[in-house]
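# Architecture and fold: a report
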Amino acid sequence: MQFTMRRRLVATSIAVALGATTLAACSSDSDGKDAADSGPVSLTYWAWAPGMDKVAAIWNKGPGKEAGIQVTVKKQASGDELVTKIITAAKAKKAPDLVQAEYQAIPTLVSNDVLADITDEVKGTKDKFAPGIWQQVTLGTDSAYALPQDSGPLMFYYREDLFKKYELTVPTTWDEFAETARKLKKEDSSKALTTFSANDSGQFAGLAQQAGAKWWTTEGQKWKVSIDDAATKKVADFWGGLVEEGAIDNQPMYTPAWNKALNTGKQIAWVSAVWAPGVLTTGAPDTAGKWAMAPLPQWSKGENATGSWGGSSTGITNDSQHKEAAAKFATWLNTDEEALAAMVKEGGIYPAATAAQTGGALSKAPDFFSNQPDFYTKAAEIAKTTAPSAWGPNVNVAYTTFKDAFGKAAKAKSKAQFESALTAMQDDTVTDMKKQGFEVAE
Amino acid sequence: MSGTTMNTGKAAHGSGRAPRARSRTRATGGSVRRAPYAFLFPAVVLFLLFFVLPIGYAVYLSLRKVEVKGLGLGSGARSEVWTGLSNYTAALSDSELVNGALRVLGYGAIVVPVMLGSALLFALMLDTERVRLTSFTRLAIFLPYAIPGVIAALLWGFLYLPSVSPFYFLLDKAGLPQPDLLDGGPLFIALSNIAIWGGTGFNMIVIYTSLRSIPVEVYEAAKLDGCSPLQIALRIKIPMVAPSLVLTFFFSIIATLQVFAEPTTLRPLTNSVSTTWSPLMKVYQDAFGNNDIYSAAAQAVIIAVATLVLSFGFLRVANARSKQEEAR
């Protein structure tokens, strides 16, 4: 009898404990909502740009206080992982109000019902951005799904001192680029102009974008995938050819070995985006003041286009109970002078808003490029020439295949394999879309 | 407790008892019969919540897929539908998953024998009589096990990269050839090396512990019979620690099939490791890279079943053999 009683006691206390936790969970939840309704609106913002919490603090103290909107930043890992995380959160109806989304992820997020159509909320901001940038947040439609935050126009970075030493001229076309690579190899076979890296798909996508590729387009209710179009083929052939003849290196970027190659002048140039100074500062610290930036080489003389590598936007989710308040914050963040200056200073980002690309926080060249005082004036000119890009709902699949197939091709140093890698990218992307049930035009 | 149990036993058999006594025993008997379940209850709840339920959910997901209408933009364009076994057939006919499995088998063929062989060797050496600094050596060999796999892979990754590795620097100075360890066949050795470096110590401790539990009289008897230390090791020690060898082998197979951290950490350093190098990497890539949790779930179930079959198959064979030997 005593035993039964004890058991009952245990059972009851477990039940009480379990009940208490459920109750606690409920009450904390409803507390949050109550506070939001009566007091100031509180928003959560998932972002990975460094220092975003400090930018939000400026809002919370100033304009946010006046408007009664408080924003809490929750720091995220960047890139692909955030996409899956926010899709999962949205399925559970627990997505944050605002999210930092890379441009190429926007179609995936819209397609997964994560991002809300905020066309009306952000009316009148369109003119603040370059058309090529704005088009990425509209997916080519009349709606807007996010506000552009930062962009990454591609440029050509090179070691000014070593170019002089080997009597190389800064290439203005890709043909000249190839000649430069060959000439350097002839002068000193231990050096390479640059490397073809298969571990960041964004760079290749940007180069294809410059060449005029449009990977995803729509035809009525059908998607058209043309990753293996003529423009992209040209880019793949070009880099595959250089790797095959040994004019450039084939090892991946962002490795300790790559850092060392840049730091010791074993690689003397890098096709990169406007954020490159940050990477070079940490990766090749001994070379400060020795680099210079020039526009990206062109496919034919007289052309003037670039692609972009990276860049992100601020989106508002369908789960948000306060879309209008969220849009107010997003607009402030991406168009207000003070906010943009803070983002440049705290996060080291290159703002998408055209007006903020020169002057203010960007009037001075990055410390690493102190030898090139007009760095940002030049960058702003290049940014204006960004070619439009066309993203689809499964960029992640294409990017994954890029890493694997082009990694294999680079390892084999075979131009033919570069071509088949591109075909693999196209095939995998189409197969995945069909599997998901998208209508794909052949 | 035991008193009541005996009571129940009597009550069950002795049917000609007084009704009063009978009812009393019945009451306590019932509660006692329920007692084991009460004790089991918390464990069963936890087992159901954190084991059966997630597995069940994974199986459920593996039978589903997403279906998109039209361009898939706008709300409600995506829905989850039943798809039967199509995720399974797709996974099994996916050459990348099969190739990944083959790569892991090749990797396991290096890791398991070398790791267990050296673990056994170290354990036997530490167990010999005249060895000094036993506890220090034991700790030194065990220490790599305490280093997380990702950190270990990062450390080794640096050592494998020719331009930053001190080893390559020495090879260069000595004018010796410098093999590329992150490419082709040597890549398997490079990856296995990380696992062996990290796992030998743990397995050595398991084997060593069971060596220490062998009664000393056995050795004395063997010595009196004229056994050399080598013969003692081969004829007495190894057969007597066979059960722990089976155990370590069992663990090693499972760990090998689940290899993930090392190749994932080395992947950004080289073109040779793809995002789907091992089956688990493919699961991860599908779930978190390609946002296709349904295929990932199906592959995860397949890997789990294969692991179960392989590891328990091995245990069965090992048990059957030891029973045979006992019978002899």
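In this report, the structure presented in the accompanying data block is examined. Quick caveat, the model's predicted, so the values are computed rather than measured.

## Quick word on the pattern of salt bridges
Residues and elements named next belong to chain A. One pass over the full model with this rule turns up 16 salt bridges over all chains. For the salt bridge of Asp367 with Lys364, the shortest nitrogen-to-oxygen distance reads 3.7 Å. On the basis of relative accessibility, which here comes to 59%, the residue Lys364 falls in the exposed class. Within the structure, one salt-bridge network assembled from shared partners comprises Lys54, Lys345 and Glu346.

## A closer look at a nonpolar patch on the surface
Residues and elements named next belong to chain B. A contiguous nonpolar surface patch, about 830 Å² in accessible area, is contributed by Tyr37, Leu40, Val44, Phe47, Leu48, Phe51, Val52, Ile55 and Val59. With respect to the secondary-structure elements, Phe51 resides in helix H2 (residues 19–62). For Phe51, a relative accessible area of 47% gives the class partly exposed.

## Considering the sheet that holds strand E6 (residues 222–225) of chain A
Residue and element names in this part refer to chain A. The sheet built from 3 strands is open, its strands ordered E5-E6-E10 with mixed pairing. Looking at the sheet topology across the chains shown, the edges are occupied by strand E5 (216–219) and strand E10 (440–441). Bridge count for E5 against E6 is 4 bridges, and the pairing is antiparallel. Paired with Glu219 across the two strands is Lys222, which belongs to E6. Sheet contacts for helix H17 (residues 415–436): E5, E6 and E10; angle to E6, the most-contacted strand, approximately 165°.

## Thoughts on unusual backbone geometry
Among all residues save glycine, negative phi is the norm, and among peptide bonds the norm is trans. A positive phi angle is found at Tyr254 of chain A, which is not glycine, with a value near 60°. If you trace the backbone, Tyr254 of chain A turns up in the loop between helix H10 (230–244) and helix H11 (256–263). Although it is not a glycine, Leu133 of chain B adopts a positive phi angle of roughly 55°. A residue is classified by how much of its surface remains accessible, and Leu133 of chain B, at 63% relative accessible area, is exposed.

Conventions we followed
- Residues numbered from 1 in each chain as written.
- Chains lettered and ligands numbered in written order.
- Predicted model: local features only at pLDDT ≥ 70, side-chain atom pairs only at ≥ 80, totals over all residues.
- Heavy atoms only, no water.
- Salt bridge = Lys/Arg side-chain N within 4 Å of Asp/Glu carboxyl O.
- Buried < 20%, exposed > 50% of the residue type's maximum accessible area, 1.4 Å probe, protein only.
- Patch = residues over 30% accessible without salt bridge, like charges linked within 9 Å, V, L, I, M, F, W, Y side chains within 5 Å.
- Areas by Shrake-Rupley, 256 points an atom, 1.4 Å probe, with all protein chains shown as cover.
- Helix = DSSP H or I, 4+ residues; strand = E, 2+ residues; numbered from the N terminus.
- Pairing = 2+ DSSP bridges.
- Contact = heavy atoms within 4.5 Å.
- Axes fitted to C-alpha atoms, helices over the stretch in contact; angles between N-to-C directions.

Note that every value here comes from positions in space, so none of it alone points to a role or purpose.
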